[in-house]
Every structure is written in structure tokens, then in C-alpha cells.
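# Structure at a glance
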Amino acid sequence: MSTYDLAYNQDHRQERAAKSRAQRAAHPEVGANYRATHKGDINAKARARYASHKAEEAIRYKTYYEAHKAEIAARMVSYHLTHKVERATYRAEHKETIAARVGAYNKTHPEQMATSDRTWREAHKPKLAASGRAYKQDHAAEIAIRQRAYYLAHPDKISAHRHRRRARMAGAEHVPYNPSDIFARDLGVCGLCHERVATKAEQSIDHILPISLGGADSPHNVQLAHRRCNFAKSNSALQFPQNLRLAL
Ligand SMILES: [Zn+2]
């Protein structure tokens, strides 16, 4: 190239770029054809450039992504829909790599994961509810066994949950408390028979004024009681006023 050509090229850079852009736009098949026949070269070149200019390229990609978000998303959706089989095959062939990558990402991005999970759940609520119902129906026996095991392992949580629920239904006051704090406060003595509550299995929380009669589910209306005493009390409502003792 002569000095004159170089100077000309530099002076008319934008003009030349515009011209070749127009040409490419008028003949898209030329570019597409070139890209189709040189796919490997183009990819290798792009990879090489990315490797040697990582920081710059990352910024360039990010900028492009921000400016073309909607377009890219639409392209991805259409690709996903038209390449279902290919994608499934790829996933099956790269199961472990994908799992490792997702696992690593989850660990380093817990907040993003939580947000995207929430968004997804919100967007798929009816579907999720339907699949949950179907699962419950198909696994009723297993679920019952699991629930029973949980119930046996967490009696405190279950009874607290039941109390909260009863209080809510009755419109009664509910102030959170920890059953083990009630145990400590009441010095391990049953409020109904005044005997020691020896084991955790015997332990229960009695509502001094029952929730059904407007009593609150709160520390000032509960006392430690043997499970059997509590049961006897609720079975004989007539007897309960004699056992009424305010735990302060
Ligand atoms: Zn007792």
C-alpha cells in the first residue's frame, strides 16, 4: 500500500466503515456464508483474542449484554425451544461438569440464588402447587411415615405450632416462648399435680386459661405440666378451675 493510500484510508476511515457496513447489510448472505464456512477459524480467533485481552473483552461483552439484554433473552428462548433435543443430549453427556459448575456458582452467589429461586417460585406458583398436590397424592404413605417421625423427634415444635394455630383461630394473644424456658421458670415442677417432671417425654405446656376460653398463648398463661396431667385436664373441663394456678 502506498503512502498515499494509507493517508487516504486514515482520512476516510468512518466513510469506509460506513460503506462496508452498508454493503454487508445489503448482502447478508455473503457474511452468513463466510461465517458458516469459517466457523472454526472465527471461534478460534475469538477465543485467542479473549484469552489475550480478557479484561477488555469482558467489559466489551458486558457492555454489549447490557445494551442488548432483551434481544439476547429472546434469542436464547428461541434457541432453547428449537434445540430441545440437542440441549438434553448435551446435559446428559455433561451431567457431572454441569452439576459441579452449578454447585460452585451456588456456593459463591448465595444471595443471587435465593433471589432467582424466589422469582422463579413466584412465576410458577400454580404449576408448583399442582405438582405439590400430585406429589402428596402419590406419596401419601411415605409422607405420613415421615411426618410421624418428625412429630416424635420434635414434640416441642409440634405443640408450639399447634398452640400458635389454636391461638390464631381463637383470635387470642400469642407471645412467642421457648418450652425449655418455661421448664426452667417452673423449676421442673408440674403446675397441675406439683410433682417433678422427670423426663422430656413427660413434659408438656399447659395453658392455665385454655385457649378455647380466650386464654393467651403466651408465657404468662402457660405452665409446665406432665403430659398425662395436661391430658386429664383437657378431658375434664369441669375439674380444671380447681387446678388453676397462676404462674408468675
Ligand atoms: Zn403433673
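If you're wondering where the values come from, they're calculated on a predicted model, not measured in any experiment.

## Some words on the overall build of the protein chain
Counting its secondary structure elements, the protein chain contains 15 helices and 2 strands. Counting only residues that meet the buried cut, the protein chain has 9% of its 248 residues in that class.

## Re the domain arrangement of the protein chain
Splitting the protein chain by domain gives domain 1 (114-153) and domain 2 (156-243). Computed from C-alpha atoms alone, the centre-to-centre distance between domain 1 and domain 2 is 31 Å.

## Points about the pairing of strand β1 (residues 203-207)
Counting buried positions along β1 yields 5 of 5 residues, so the element is predominantly enclosed. Across the two faces of β1 the burial is the same, with Gln203, Ile205 and His207 and Ser204 and Asp206 all buried. Here 5 bridges tie β1 to strand β2 (residues 222-226), and the two strands are oriented antiparallel to one another. Looking across to β2, one finds that His207 is bridged to Val222.

## A closer look at helix α2 (residues 13-26)
Given a rise of 1.5 Å per residue, 14 residues ought to cover 20 Å, and the 20 Å separating the end C-alpha atoms of α2 matches this to within 8%. A small share of α2 lies buried, amounting to 0 of its 14 residues.

## Some remarks on the nonpolar core
Counting residues in each nonpolar core, the largest one holds 6 residues, listed as Cys190, Leu192, Val197, Leu224, Ala225 and Cys229. Those residues within four positions of Cys190 in sequence are excluded, and the remaining contacts are Glu195, Val197, Leu224, Ala225, His226 and Cys229.

## Here we look at helix α6 (residues 69-82)
Along its 14 residues, α6 runs 20 Å from first to last C-alpha, staying within 8% of the 20 Å computed at 1.5 Å per residue. In terms of burial, α6 is largely open, as just 0 of its 14 residues are buried.

## Considering the pairing of β2
Regular strands place their side chains on alternate faces of the sheet. Of all 5 residues in β2, 5 are buried, a share of seventy percent or more. Side chains Val222, Leu224 and His226 project from β2 onto one buried face, and the interleaved Gln223 and Ala225 project onto a second face that is buried too.

## Description of the confidence of the model for the protein chain
For residues with low pLDDT, the predicted coordinates do not support detailed interpretation. Residue-level pLDDT values for the protein chain average 86, and 93% of them are 70 or greater. Put simply, helix α15 (residues 240-243) is where the protein chain has its lowest mean pLDDT, 50, and β2 is where it has its highest, 95.

## Here's the deal with unusual backbone geometry
One non-glycine residue, Leu187, lies in the positive phi region at around 55°. When you line up the elements, Leu187 lands in the loop between α13 (179-185) and β1. Judged by C-beta crowding, with 9 C-beta atoms within 10 Å, Leu187 ranks as exposed. Residues other than glycine seldom take positive phi values, yet His194 does so here, at roughly 60°.

## Details of the environment of His161
Looking at the element boundaries, His161 is found in helix α12 (residues 155-169). Look at His161 and you get exposed, because 11 C-beta atoms sit within 10 Å. Put simply, His161 and Tyr177 are 16 residues apart on the chain and 11 Å apart in space, counted from C-alpha to C-alpha.

## Focus on the environment of Pro219
Along the chain, the position of Pro219 falls in the loop between β1 and β2. Between the C-alpha atom of Pro219 and that of His53, which follows or precedes it by 166 residues, the distance is 65 Å. When residues no more than four places from it in sequence are discounted, the contact partners of Pro219 are Val175, Tyr177 and Ile182.

Calculation rules
- Residues numbered from 1 in each chain as written.
- Predicted model: local features only at pLDDT ≥ 70, side-chain atom pairs only at ≥ 80, totals over all residues.
- Helix = DSSP H or I, 4+ residues; strand = E, 2+ residues; numbered from the N terminus.
- Buried ≥ 20, exposed ≤ 12 C-beta atoms within 10 Å, placed from the backbone.
- Domains from an automatic or database assignment.
- Pairing = 2+ DSSP bridges.
- Expected span 1.5 Å × (residues − 1).
- Core = buried A, V, L, I, M, F, W, Y, C linked by C-beta atoms within 7 Å.
- Contact = placed C-beta atoms within 7 Å.
- pLDDT = per-residue confidence, 0-100.

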